[in-house]
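Residue-level structure breakdown
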Amino acid sequence: MIEKKDGLFWLSDDVCYAKEAQAVLMMQSPVSNYFNEQSMLLPVFHGGFKIAPWGANNMLPQRVMQQIDKVEIVGSNADFNWKVPYGCGPKLVKLVYSDNPDEIVKDRDGKVIGGKVVGKLDIFGGKEYEWCERNDIDLYLQEVLTDLSYFHNAFAVMLPSSDRNEIYTLRHREAMFSRWSLDENDQIDRHLYSALWDQSPTEKDIEDSYVIDEYDAINDIRQTMQTTNELRMVYPIFMPSPGRPYYSYPNWWSIFRSGWFDNIASIPSLKKAILKHNLGVKHIIYISPKYFDEKAVTMGVDPNDIKAATELKQTLIDEINNTLSGEENAGKALASLARLTPSGNGAVLEKYFTIEKIDNDVNGGEYITDYETGANIISYAMEVHPSLIGATPGKNSNSLSGSNQRELFLMKQALSMPMVARALRPFNAVKKINGWQDDLTIAVPEYVFTTLDEAKSGKKESENNVAR
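Figured I'd write up the structure that's included with this text.

**Topic: the packing of aromatic side chains**
- Summed over all chains, the structure comprises 14 aromatic pairs.
- Seen in terms of ring centroids, Trp 54 and Phe 151 are 6.2 Å apart; in terms of plane orientation they differ by 65 degrees. Their pairing is edge-to-face. With Trp 54 in the loop between strand 6 (49-52) and helix 1 (60-68) and Phe 151 in helix 4 (residues 137-151), this residue pair connects regions lying 97 residues apart in the sequence.
- Residue Trp 54 is classed as buried on the basis of its relative accessible area of 0%.
- Taking the relative accessible area as the measure of exposure, Phe 151 reaches 2% and is therefore buried.
- For the pair Phe 155 and Trp 180, a centre-to-centre distance of 5.2 Å together with 65 degrees between the ring planes defines the contact as edge-to-face. Within this pair, whereas Phe 155 is found in strand 11 (residues 153-160), its partner Trp 180 is found in strand 13 (residues 178-182), the two being separated by 25 residues in sequence. The exposure classification of Phe 155 matches that of Trp 180, with both residues buried.
- These aromatic residues form a ring-pair network of at least three members: Trp 54, Tyr 150, Phe 151, Tyr 247, Tyr 249, Trp 252, Trp 253, Phe 256 and Phe 261.
- Of note, Arg 134 hangs over the ring of Tyr 168, and the distance from its end group to the ring centre comes to 3.8 Å.
- Seen from the ring of Tyr 193, Arg 173 lies directly overhead, with NZ or CZ sitting 5.3 Å from the centre.

In structure tokens form, the structure reads like this:
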């Protein structure tokens, strides 16, 4: 805990304790400011490219990751959400079809084009197996599922062979560093990759690649390899997100906009400081980041200038502290500034200050209940039942029975199938273009936990997900 001046103690970057006023000032996370609707954002230009910005300042993925690092629940849930669809990992298999004539599908020429799959055989050799080993499909799938879990967007890059007749390499490009370039009609035309989006990258800092038409991927890839000299082709992988033309947004990002994430993030540092230094607290004042934004505009401060923004924050905190402290200010109230924000057919009152009164000094476990409530709401938003990943936070946590946990896990697996189906989609193009046998494919076995009378280990495998 660092004392700046006038009895102001900074407990963390966003939590300040005013000793004389016995109040905790919490600056709510500015990440909520980065969730502007795409229609409200203007294209940005770097290295000669016209770019569809991903959130305000084109830095939304980076800001989200910075926030996730502050709360262990969010990171654990996001990690869990990619591990479930990963199951036992991808493997190359040969599909075994029923030989019953009634379960075989043929075309008009009598060629077998489908049938009932009655089994799968693991493949341990051949050119297809060597291709999978060379491209480390285990790591590829982990990376794609991770980006889908965190961002609902993933980017697979394909490189052609030297004779441009096959796809030689399949790799993953991190979503955090990926952006879409736009043509004159604001349609996506190139994939851009750079780790320097916050530093005005030049053309040499940006890797640009051809974007595959995911609705006609096989024909598009073949034509691109045969008629152009493109070195890289990016296959877009995304989860549906209504109303978002360029980048999908996970529904669970609502925790940043609702304020629950801010509450959870502030509790550990607040409790630690209060218990360590025996601080008295009468009020907690939550300060909206939009208060600082409006002050920055009024005072001519560039919010992207870290030093100037920090100095402004300190100035405003000093003003609030002076209002709350001292005998001459006794009985004065802090004006709860607010504004009306249009919403639907009416308007929403958005407060710049929310003041919470604390009846007693915090010297025990009073905030455990608040933490438990916030943790459960965040887990609900992220579609993760707390009992599936460990003990539920709080003093009154109840553990579910093994049967209930098993059923919850099976439901979670079922709900994860769309994500793994999207992740496997590029393998269909690889299979067709590289001339793999029709009955070879990539499968992702799942663990199915069962009772000991069905399996001695208490688990068995089910292979519901295959690349098609």
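**Concerning the packing of helix 4 against helix 11 (residues 402-433)**
- Put simply, helix 4 and helix 11 touch, their axes get as near as 10 Å, and they point 135 degrees apart. It follows that helix 4 is oblique to helix 11 by the angle criterion. Both helix 4 and helix 11 take part in a crossing whose hand is right-handed. Seen from helix 4, the contacting residues are Ile 137, Tyr 140, Leu 141, Val 144, Leu 145, Leu 148 and Ser 149; seen from helix 11, they are Met 419, Val 420, Ala 423, Leu 424, Pro 426 and Phe 427.

Procedures and definitions
- Here the residue numbering is sequential within each chain, running from 1 through the sequence in written order.
- Local features are withheld for residues below a pLDDT of 70 in this predicted model, meaning they are given only at 70 or higher, and side-chain atom pairs are given and counted only at 80 or more; totals for whole chains, interfaces and linings count all residues.
- As a rule here, side-chain values come from all non-hydrogen atoms in the structure, and water together with hydrogens is ignored.
- Under the pairing criterion, centres of Phe, Tyr and Trp rings, with the six-membered ring standing for Trp, must be within 6.5 Å; the plane angle then separates stacked pairs below 30 degrees from edge-to-face pairs above 60, leaving the rest tilted.
- Each helix corresponds to a stretch of at least 4 residues labelled H or I by DSSP, and each strand to a stretch of at least 2 residues labelled E; elements are numbered beginning at the N terminus.
- Type-normalised accessible area, obtained with a 1.4 Å probe on protein chains alone, sets the label of each residue: buried when under 20%, exposed when over 50%, and partly exposed for intermediate values.
- Whether a charge sits over a ring depends on NZ of Lys or CZ of Arg being within 6 Å of the ring centre and within 35 degrees of the ring normal.
- Axes here mean lines fitted to C-alpha atoms, for a helix over just the part in contact, with angles spanning 0 to 180 degrees between N-to-C directions.
- Here the angle decides the label: under 35 degrees means roughly parallel, over 145 means roughly antiparallel, 65 to 115 means roughly perpendicular, and every other value means oblique.
- Here a crossing is taken to be left-handed if its near helix is turned anticlockwise relative to the far helix by less than a right angle, and right-handed if that turn runs clockwise.
- Contacts were defined at the residue level, with two residues in contact if any of their heavy atoms lie within 4.5 Å.

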